[in-house]
Amino acid sequence: MNRPIVVAGSINLDLVSIGKRIPAPGETVKGDTFHTFHGGKGANQAVAAARLQYPVSMIGKVGADDFGKRLQQGLRAEGINVRAVSAAASSASGVAMISVDAKGQNSITVVPGANNELLPRDLEKCLPLLRSAGIILTQLEIPLESVEYLSTLAQRHKIPFMLDPAPARSIPRTLLRRVTYLTPNETETCALCGISPADLSPATVARYAQFLQGGAANVIVKMGRLGAYVAAADGLRMPFPAFRIKAVDSTAAGDAFNAGLAVALMRGMDLPQAVRFAAAVGALSATRPGAQSSMPQGCEVEQFLRSQEPPRSRDSGAKRALRTANPPPRSRHEAAMPN
Ligand code: RIB
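## Structural notes on the overall build of the protein
Part 1 of the argument: Within the protein, the regular secondary structure consists of 12 helices and 13 strands.
Part 2 of the argument: Here the C-alpha atoms of the protein give a radius of gyration of 19 Å, agreeing with the 20 Å that 2.2 N^0.38 yields for 339 residues.
Part 3 of the argument: Dimensions of the protein, computed from C-alpha atoms along their principal axes, come out at roughly 65 × 50 × 40 Å.
Part 4 of the argument: Relative to its 339 residues, the protein shows a buried fraction of 55%.

Structural data, given as structure tokens:
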């Protein structure tokens, strides 16, 4: 029996407008459509991993309200163990106001609500579940003291710990040192390194990834259509180009990526292979609207990855057999890294 992926994180209802442009401060724009989607970075990662057919348990808080019931029911319907998802006594469920433009780019305002009530004392009640984890995933939409608690517990029990440092903020170096996989996007990389966005580019990302890797064991910088950069504990330093897709809505593509990465690592892939798999999960998510609604099934990811392989030649049978026996060298691995 596989040890589960345990996600401790946020659960939100997303209120989403889709239109041509995201409004600038002080501006009113007309949207084309409005939707409510199930979201929250934690819950999105849990759903994405579950759709890849991996056992997942979620730890989180919703409000004692209709949104909360609906969000919890949604997670249950995905086959996720939600026994550690509870209703906060005095806060409403977390919500996110999201604007998506015609290029699939978004801007998000999160009101955490009940997510702010997921405290270390709640996590303590989940100790057996946390200790049973194959990997623990979290983000920064729950209190930082809870992220600290999870990182300490993971280190103590030698459980890999994946931190998506989103939304962007600085975090203590002591916490960073307990992270096994750190997966910032560009904005988050800037916040963690204390630099201005103008200083981060594909040309400089290696420097900043390496700086972060001085703390976290493995750093994977997600750069959307510019791909990704990996600085790993084993010395691997490697850019990954992006898969070409037509983005409809990039919301939660980074969450899809993290879930894909966790599932791939749990299935024994090495880091470059896992990043490629994760990038495919993220890329597919960006081709569909919504957060949890956009997460692909495992078979879709496999099919997408096959479609990215070079076309077969006439003697493909023999070559295919050889390729399977000798997977392509690392430098040929392609990946997309949604942010
Ligand atoms: O990463 C996307 C998510 O961020 C949305 O689903 C929203 O709820 C916010 O948490």
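Read on, since the account is not over.
## Details of helix α2 (residues 66-77)
Part 1 of the argument: Under the 1.5 Å per step criterion, the end-to-end length of α2 is 16 Å for 12 residues, consistent within 8% with the ideal 16 Å.
Part 2 of the argument: Every buried residue belonging to α2 is among G68, L71, Q72, G74 and L75, and all of these are buried. An end-on view of α2 places all buried positions within 155° of arc, on one side of the element. Exposed and facing more than 90 degrees away from the buried side of α2 are D66, K69 and A77.
Part 3 of the argument: Elements that come into contact with the buried residues of α2 comprise β2 (12-19), β3 (31-39), α1 (41-51), β4 (56-63) and β5 (81-88).
Part 4 of the argument: Downstream of α2 by a residue or two, G79 has a phi angle that is positive, lying close to 85°.

## Side note on the pattern of salt bridges
Part 1 of the argument: All told, the structure shown has nine salt bridges when counted by the stated rule.
Part 2 of the argument: Across the pair K69 and D66 runs a salt bridge, and its minimum N-O distance is 3.9 Å. Placement of both K69 and D66 in helix α2 is noted, with a separation of three residues, approximately one turn of the helix. As far as burial versus exposure is concerned, K69 and D66 are alike and both exposed.

## A look at the sheet that holds strand β12 (residues 228-231)
Part 1 of the argument: An order of β5-β4-β1-β8-β9-β10-β11-β12-β13 is seen for the nine strands of this open sheet, with the pairing classed as mixed. Edge positions in the open sheet fall to β5 and β13 (237-240), since each of these has one partner strand only.
Part 2 of the argument: Those strands touched by helix α8 (residues 205-213) are β10 (181-182), β11 (218-222), β12 and β13, and its axis lies near 40° from that of β12.

## Focus on the site of the ligand
Part 1 of the argument: Around the ligand sit 14 residues in total, of which D14, G40, K41, E141 and D255 are the nearest.
Part 2 of the argument: D14 has a polar side-chain atom sitting 2.6 Å from an oxygen atom of the ligand.
Part 3 of the argument: In the environment of the ligand, an oxygen atom lies 3.0 Å from a nitrogen or oxygen atom belonging to the side chain of N44.
Part 4 of the argument: Within the complex, the protein chains bury 97% of what would otherwise be the 280 Å² of accessible surface of the ligand.
Part 5 of the argument: Among the secondary structure elements, those contributing two or more residues to the shell around the ligand are β2, α1 and β7 (106-111).

## Here we look at the nonpolar core
Part 1 of the argument: Ranked by size, the top nonpolar core spans 57 residues in total, and within it I5, I80, L261 and L271 carry the most contacts.
Part 2 of the argument: No other element matches helix α10 (residues 271-286), which puts 10 residues into this core.
Part 3 of the argument: Setting aside residues no more than four positions away along its own chain, L271 makes contact with Y181, N218, I220, V230, A232, L261 and L265.
Part 4 of the argument: In this structure, L140, Y208, A209 and V221 belong to the second largest nonpolar core, which totals 42 residues.

## With respect to the pairing of β13
Part 1 of the argument: Burial along β13 is one-sided: M238 and F240 are buried, while R237 and P239, pointing the other way, are not.
Part 2 of the argument: Pairing of β12 with β13 involves four bridges; the strand directions are antiparallel. Within β13, the residue paired with A228 across the bridge is F240.
Part 3 of the argument: Hairpin remark: β12 followed by β13, antiparallel, with five residues in the connecting loop; positive phi at G235, about 100°.

## A look at the environment of M97
Part 1 of the argument: Structurally, the position occupied by M97 is in strand β6 (residues 94-100).
Part 2 of the argument: What makes M97 partly exposed here is its relative accessible area of 35%.
Part 3 of the argument: Sequence spacing of M97 and S196 is 99 residues, and the spatial spacing of their C-alpha atoms is 26 Å.

## Brief notes about helix α9 (residues 253-266)
Part 1 of the argument: Over its 14 residues, α9 extends 20 Å from the first C-alpha to the last, a length consistent with the 20 Å expected when each residue adds 1.5 Å.
Part 2 of the argument: Following α9 by one or two positions, G268 adopts a phi angle in the positive range, close to 95°.

## Description of the pairing of β7
Part 1 of the argument: Sheet analysis places β6 next to β7, joined by six bridges and oriented antiparallel. Among the inter-strand pairings, A96 is bridged to a residue of β7, identified as V110.

Calculation criteria
Along each chain, residue indices are assigned from 1 in the same order as the chain's sequence is written. Local features in a predicted model are, by the rule used here, given only for residues with pLDDT of at least 70; side-chain atom pairs are given and counted only at 80 or more, and totals for whole chains, interfaces and linings are based on all residues. Hydrogen atoms and water are omitted, and side-chain values are computed over all heavy atoms in the structure. Going along the chain from the N terminus, every DSSP run of H or I of four or more residues is numbered as a helix, and every run of E of two or more is numbered as a strand. Our radius of gyration is a C-alpha quantity, and the globule rule it is checked against amounts to 2.2 Å times the number of residues to the power 0.38. Exposure categories follow from relative accessible area, calculated using a 1.4 Å probe and restricted to protein chains: below 20% of the type maximum is buried, above 50% is exposed, and the middle band is partly exposed. Working rule for helices: expected span equals 1.5 Å times residues minus one. Directions are taken from the helix axis to each C-beta atom, and the arc is the one they span. Note on contacts: a residue pair is in contact if any heavy atoms of the two residues lie within 4.5 Å. A pair is scored as a salt bridge if a Lys or Arg side-chain nitrogen falls within 4 Å of a carboxyl oxygen belonging to Asp or Glu. In this scheme, strands are said to pair when DSSP sees at least two bridges between them. Every angle, taken between N-to-C directions, lies between 0 and 180 degrees, and every axis is a line fitted to C-alpha atoms, over only the stretch in contact when it is a helix. For this purpose, a residue is taken to be near a molecule or strand whenever a single non-hydrogen atom of the residue falls within 4 Å of it. Contacts described as polar in this section are N or O atom pairs within 3.5 Å, which, within protein, must combine one atom able to donate a hydrogen with one able to accept it, while residues neighboring in sequence count only if both atoms come from side chains. We get accessible surface area from the Shrake-Rupley algorithm with a probe of 1.4 Å; when it comes to residues, only the shown protein chains can shield them. Buried Ala, Val, Leu, Ile, Met, Phe, Trp, Tyr and Cys residues form a nonpolar core when they are joined through side-chain atoms within 4.5 Å.

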